[in-house]
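Structure at a glance
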Amino acid sequence: MNIFQKIFLKTKKETDLNESKIQCKAPYSSMYLNVDGKIGVCCYNKIDLLGEYPQTSLKEAWFGKKRKVFVKRMQRNKMSEICEICLDQSESNAFISSIPSTFKNNDINSEYPAEISFECSNNCNLECIMCNNGLSSSIKVQKVENSPHGLKIYDDNLIAELRNFIPHIKSARFIGGEPFLIPLYYKIWDEIIKLNPDCYILITTNGTVLNERIKQLLIRGNFNICVSIESINAINYEKIRVNGNMQKTMENIRYYLDFSKDNRRNFGISTCYIQQNYEDIPELINFCNVNNVYIWFNRVAHPSKCALWNCNKTLLEKVLTFYKTVNFRSDTEVEKSNLKSFNELIELTKIWYNLSIEREIKLPGLELLTTKKLYEILINNIHSYFRNRNGQDELQMVIDKMGRVINSQPNESIRRSQLIYFLNTPVQVIHIYAKCNYLSLLY
């Protein structure tokens, strides 16, 4: 018995508990590989890391001390800020596609992870307006602090390590970039088909890439497709999915629909809920209902030009008023599920609307204050937040990173706009983004 197996057996005794008491199964059952080498348990949590590849092997990450500590903290409800926010959002019952629900069917007592999620490259052909260069190599403007995005961190050594894990996993998720443009993924898919042909493979694609090689690949393994698309209105689609072609994407979607039906595979639509597409969502849901396709909505935290959660009450009220005029059929299981998703979207928007009212009451007249005064208020808010929490050592880190983001913008009016935006953002969110080195993405 090697050291990793000994650690696992000890950890298993401590984690073999009533599943109903577990708030999130991700630490027990999932491993996630990020584009910059970070190894975690889900795509949302970039703080509680299991290691960093290639310095940390997959075995060390999964069987090592860090995951064991993470699991213990989850059991004692001593979670990091990012898990607290995620679980709060899930418990609010305002979204069907919450992160914890993704792992609800996973086995928490298996020796190896039940699933592995791959986000190993940002290679992509689109420049979506809600994206950044961490997720799309085509985007050149936005930057992520201290992050080696674009570097080829993963290579054939990863394939060799995965051979120990692939026979045990139940599912594998692939995101990007654009998965069908990432050469490493084809090698991983070949290994899965060879070592674990029943493994459920889910690919989230932008739907723009389809060729004979992909068609033959889909037949060989247990491939299931989810297409990310925000609108089926050609003009708006191409404004949001820059470099995309609506006609070509719809042709590819039709192929995936037929393939999935003929081969009894799953096909779904994933949609980012943003300022630019809220009017297009009813038409998109109708398309899904007609084609018997489930739809999921993704919460978008940044950038501010797209995200709805931090908008003023005027826009959010406009969204809610528009959605009151919309009706959907609910005869089939798919229609019922899509209606539930839409209703939860409305409930989430109501939460944001109420928060916008609270912000305007708490911080009136921000537009009338000087840039210096706005900055002083923001720093005072950060100090107040840390006075009520353990973690004083992180106070200066957050202030320093916030200062760099604000001062990196030479335009005075944009600096003021940034400050007002950050003042309307919960300091807890600012704290999380600073710890993840993603603070510059928020605005």
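One structure accompanies this document, and this report is about it. (Residues numbered from 1 in each chain as written. Predicted model: local features only at pLDDT ≥ 70, side-chain atom pairs only at ≥ 80, totals over all residues. Heavy atoms only, no water.)

What follows deals with the environment of Tyr237. The residue Tyr237 is located in helix α10 (residues 234–240) in this model. Classification of Tyr237 as buried rests on a relative accessible area of 1%. Along the chain, Tyr237 and Asp280 lie 43 residues apart, while their C-alpha atoms are 9.5 Å from each other. Not counting residues within four places of it along the chain, the set of residues in contact with Tyr237 comprises Asn206, Thr208, Ile229, Ser231, Gly244, Asn245, Met246 and Thr249. (Helix = DSSP H or I, 4+ residues; strand = E, 2+ residues; numbered from the N terminus. Buried < 20%, exposed > 50% of the residue type's maximum accessible area, 1.4 Å probe, protein only. Contact = heavy atoms within 4.5 Å.)

With that settled, the discussion passes to helix α13 (residues 313–323). Helical geometry note: an α-helix holds 3.6 residues per turn, so side chains three or four residues apart project in the same direction. Those residues of α13 that fall on the buried side of the exposure criterion are Leu316, Val319, Leu320 and Tyr323. End-on, the buried residues of α13 take up no more than an arc of 95°, which puts them together on one face. Facing away from the buried side of α13 by more than 90 degrees, the exposed set consists of Thr314 and Lys318. Turning to α13, the residues buried within the fold contact β8 (267–273), α12 (281–290) and α14 (333–362). Measuring from the backbone nitrogen of Thr314 back to the side-chain oxygen at the start of α13 gives 3.1 Å, which picks out Asn312 as the cap. (Arc of directions from axis to C-beta. Polar contact = N/O pair within 3.5 Å; in protein donor to acceptor, adjacent residues only side chain to side chain.)

Looking now at the packing of helix α8 (residues 183–195) against helix α9 (residues 212–220). Contact geometry of α8 with α9 gives a least axis separation of 10 Å together with a crossing angle of 25°. Between α8 and α9, the interaxial angle falls into the category roughly parallel. For the crossing formed where α8 meets α9, the hand is left-handed. The residues of α9 that touch α8, namely those facing Tyr186, Trp189, Asp190 and Ile193, are Arg213, Ile214, Leu217 and Arg220. (Axes fitted to C-alpha atoms, helices over the stretch in contact; angles between N-to-C directions. Parallel < 35°, antiparallel > 145°, perpendicular 65-115°, else oblique. Left-handed = near helix turned anticlockwise from the far one by under 90°.)

Next up on the list: unusual backbone geometry. In this structure, the amide linkage connecting Tyr53 to the following residue, Pro54, adopts the cis form with an omega of 5°. For Pro54, the position within the fold is in the loop between β3 (51–52) and α3 (58–63). Residue Gly177 is bonded to the preceding Gly176 through a cis peptide linkage, with omega at 5°. Within the fold, Gly177 resides in the loop between β5 (171–174) and α8. Phi angles above zero are rare outside glycine, and Asn292 is one such case at about 60°. Summarising the element assignment, Asn292 is placed in the loop between α12 and β9 (294–299). With a phi close to 60°, Asn437 is a non-glycine residue in the positive phi region. Turning to its location among the elements, Asn437 is positioned in the loop between α18 (427–435) and α19 (439–442).

Turning to the pairing of β9, a few remarks are in order. As defined by bridge partners, β8 adjoins β9 across 6 bridges and the pair is classed as parallel. By the bridge assignment for β9, Tyr273 is matched with Arg299. In the classification by handedness, the crossover that spans β8, the intervening α12 and the parallel β9 is right-handed. (Pairing = 2+ DSSP bridges. Right-handed = clockwise from strand over helix to strand, strands pointing away.)

It is worth spelling out the layout of surface pockets at this point. When its volume is computed, the second largest pocket comes out at roughly 450 Å³. Lining of the second largest pocket is provided by 19 residues; of these, Asn310, Asn312, Glu367, Ile420 and Asn424 occupy positions nearest its centre. Mapped by element, the contributors of at least two residues to the lining of the second largest pocket are α14 and α17 (412–423). Looking at the lining of the second largest pocket residue by residue, the class counts come to 8 nonpolar, 8 polar and 3 charged. (1 Å grid on protein atoms, 1.4 Å probe; cavity = no way out; pocket = protein on both sides within 12 Å on 5 of 7 lines; lining within 4 Å. Points joined across faces, edges and corners; volume = space filled by probe spheres on them. Nonpolar A, V, L, I, M, F, W, Y, C, P; charged D, E, K, R; others polar.)

The next subject is helix α16 (residues 395–407). In a regular helix each residue adds 1.5 Å, so 13 residues correspond to 18 Å; α16 covers 18 Å between its end C-alpha atoms and thus fits that length. Among the residues of α16, those classed as buried are Leu395, Val398, Ile399, Lys401, Met402, Gly403, Val405 and Ile406. The elements touched by buried residues of α16 are α15 (371–387), α17, α18 and α19. (Expected span 1.5 Å × (residues − 1).)

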